[in-house]
Amino acid sequence: MRARATHLLTRSLTAVSLWWTNAVVYQIYPRSFADSNGDGIGDLAGIESKLDYLVDLGVDVLWLSPIYRSPQDDNGYDISDYRDIDPMFGTLADFDRLLAAVHERGMKLIMDLVVNHTSDEHPWFMESRSSPDNPKRDWYWWRTGRDDGPPNNWGSIFSGSAWEYDDLTGEYYLHLFTKKQPDLNWENPQVRQAVYDLMNWWLDRGVDGFRMDVINLISKHATLPDGQQAPGELYGDGSPYYSEGPRVHEFLQEMHRAVFADRDAELLTVGETPGVSVEQARLYTDRDRHELDMVFQFEHVELDHGLGKWDVRSLNLVELKENLAKWQYGLARVGWNSLYWNNHDQPRVVSRYGDDRNYWYESATLLATVLHLLRGTPYIYQGEELGMTNYPFASIEQFQDVESLNYYRQAVDGMGLDPRLVMSSLQAMGRDNARTPVQWDDSAHAGFTTGTPWLPVNPNYPRINAAAEVADPESVFAYYRSLIALRHADPVVRDGDFELLLPADPDLFVFTRTAEGVRLLVAANVGDDPVESPVDLHGDLVITNYREPVGQVLRPWEVRVHRQEVTS
Ligand code: GLC
Ligand code: CA
């Protein structure tokens, strides 16, 4: 009965050509991908030079982290001109050439759309700041202070107050991220129109969609009430008043009408939505509501957080399975899942949820398998396909990321925490772990640049690099290539109904995907000791990370995928 329902759903999905249900997306963080001119920073020409590598891997869509003109306070997530390329990355002509080269190879390219906030150096903000009667004053959130302090108690997501006092007019402006990232006021219809205009400008130029940065934060409760403030905390939690705000769905539906509705191109929209619940995600991705194709939820990458992201605890496999299954069941009939372990904000998964010391290959490939065989669209973050690991950071001077640096200052100077404790949090969770240059070969700086890289290359590059792995049929890269090919070849990977088996088993992650008389059985041993599987492991072996299977025993970090006929 359930298989039949899927079948019907699948037909209606393909009827409107939801091509991205069968696609794999590859995220490029341009600054760290490939440097063509020796200035130590990756660029558009560098990306172009590696396109055949991406074709070889088999991915369908490239998502570029921001390349617009930017003061780079938050590595491009602070934009000062939405219609130009930052000179560090190249020019609009370079961009057009790259886009054409991507399309020639049958791939698509989506842009990062950062419109919850702009840079404080964007002309909109400079005008807004200039005087209380400026026509753009209301494009941002300006408020007078309260009792010699900020207008409310909200803390910034990047530490400190969410408000910055501006001498020029004696008022404060809201910034949920750094003070160089003032929040746009989406209540103002001119702001919304300006955003839709720039989106149309890029789509007219030929891009294939957008990844929308923190798009669930664009609607604020206009009265900006204080958030709850726990004893000992420096700031209140404003998120109930800015996350999933009252008008967010209305704004996205308006955006859809203004930007997407009249285009017949094959586009993709994915919203980054930290803190989103399954219920909210269903609203964002319900086809009938015309909002987004899919969203990035965060629950599975917060299971190792205690009181916030810097309070690191170990992952509990049962919780991970329960959580992923909740999302699988929750978006099975309405909406669609995006699937990811990594991006430019998360530590490397093989170091985080795998074992990068003793079972580097096995755990990297196991994690890839369980993710790619869930129902949804998988995202690969650059270097993940090589099994790149966290960087062995030894001192605070080695970090560049504004989030890490701000947190260190607040924790050590503001809260008096032991610097060693703070460093251990940064080593585990700091975003620079994901931002070290891609390891292309075993030459100096891993072939990323002929100059000095902006962030050092991981010292393990002589062992972990693309040149070595592309040539090796038993590499992490070769394994990712096979997984992607499997998705493209077998419709059950896209369509199959998900079912979690052995939910309480502390070592095994076992699930099935079933559609049209076929079942994939995915069985993974998430740990260092061999385990006998209580589920019968039979049927053609479709993919595995060990050479020969041994009966019912799964060795450390072994994963097997069996294809079985289902007789009803
Ligand atoms: C998103 C981005 C992150 C950025 C933040 C502010 O979470 O992924 O890199 O710092 O938004 O734009
Ligand atoms: Ca460069």
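Residues numbered from 1 in each chain as written. Chains lettered and ligands numbered in written order. Predicted model: local features only at pLDDT ≥ 70, side-chain atom pairs only at ≥ 80, totals over all residues. Heavy atoms only, no water.

Digging into the sheet that holds strand β18 (residues 518–525)
Turning to step 1, where the next piece is worked out: Taken in spatial order, the 5 strands of this open sheet run β16-β17-β18-β22-β20, and their pairing is antiparallel. Lying at the two open borders of the sheet, with one neighbouring strand each, are β16 (497–501) and β20 (540–544). Within this sheet the neighbouring strands show an average axis-to-axis angle of 20°, counted without direction.
Turning to step 2, where the next piece is worked out: Note that β16 and strand β17 (residues 508–515) share 5 bridges and pair antiparallel. Note that in β17 the partner of Leu500 across the bridge is Phe511. (Pairing = 2+ DSSP bridges. Helix = DSSP H or I, 4+ residues; strand = E, 2+ residues; numbered from the N terminus. Axes fitted to C-alpha atoms, helices over the stretch in contact; angles between N-to-C directions.)

Here we look at the coordination of the calcium ion (ligand 2)
Turning to step 1, where the next piece is worked out: Coordination of the calcium ion (ligand 2) by the protein involves Asp35 (OD), Asn37 (OD1), Asp39 (OD), Ile41 (O) and Asp43 (OD), with metal-donor separations of 2.3 to 2.4 Å.
Turning to step 2, where the next piece is worked out: Each donor residue of the calcium ion (ligand 2) belongs to the same chain, with the gaps between them written as D-x1-N-x1-D-x1-I-x1-D. (Donors = N, O, S within 2.8 Å, 3.2 Å for Na, K, Ca; no water.)

Points about the site of ligand 1
Turning to step 1, where the next piece is worked out: The environment of ligand 1 is made up of 14 residues, and the closest members are Asp74, Asp213, Glu272, His344 and Asp345.
Turning to step 2, where the next piece is worked out: Contact distances for ligand 1 include 2.5 Å between an oxygen atom and a side-chain N or O atom of Asp74.
Turning to step 3, where the next piece is worked out: Contact with the protein chains hides 96% of the accessible area of ligand 1, taken as 310 Å² for the molecule alone.
Turning to step 4, where the next piece is worked out: Residue composition of the shell around ligand 1, by class: 4 nonpolar, 3 polar and 7 charged. (Near = heavy atom within 4 Å. Polar contact = N/O pair within 3.5 Å; in protein donor to acceptor, adjacent residues only side chain to side chain. Areas by Shrake-Rupley, 256 points an atom, 1.4 Å probe, with all protein chains shown as cover. Nonpolar A, V, L, I, M, F, W, Y, C, P; charged D, E, K, R; others polar.)

A closer look at helix α9 (residues 278–285)
Turning to step 1, where the next piece is worked out: Turning to α9, its buried residues number three or more, namely Val278, Ala281, Tyr284 and Thr285. The buried residues of α9 all sit within an arc of 115° when viewed along its axis, so they share a single face.
Turning to step 2, where the next piece is worked out: Next to the buried residues of α9 lie α8 (248–260), β11 (294–296) and α10 (317–330). (Buried < 20%, exposed > 50% of the residue type's maximum accessible area, 1.4 Å probe, protein only. Arc of directions from axis to C-beta. Contact = heavy atoms within 4.5 Å.)

Concerning the environment of Gly106
Turning to step 1, where the next piece is worked out: Relative to the assigned elements, Gly106 resides in the loop between α4 (92–104) and β5 (108–113).
Turning to step 2, where the next piece is worked out: On the basis of relative accessibility, which here comes to 62%, the residue Gly106 falls in the exposed class.
Turning to step 3, where the next piece is worked out: Sequence-wise, Gly106 and Val61 are 45 residues apart; in three dimensions their C-alpha atoms are separated by 9.1 Å.

On their own, these measurements won't tell you what the molecule is for.
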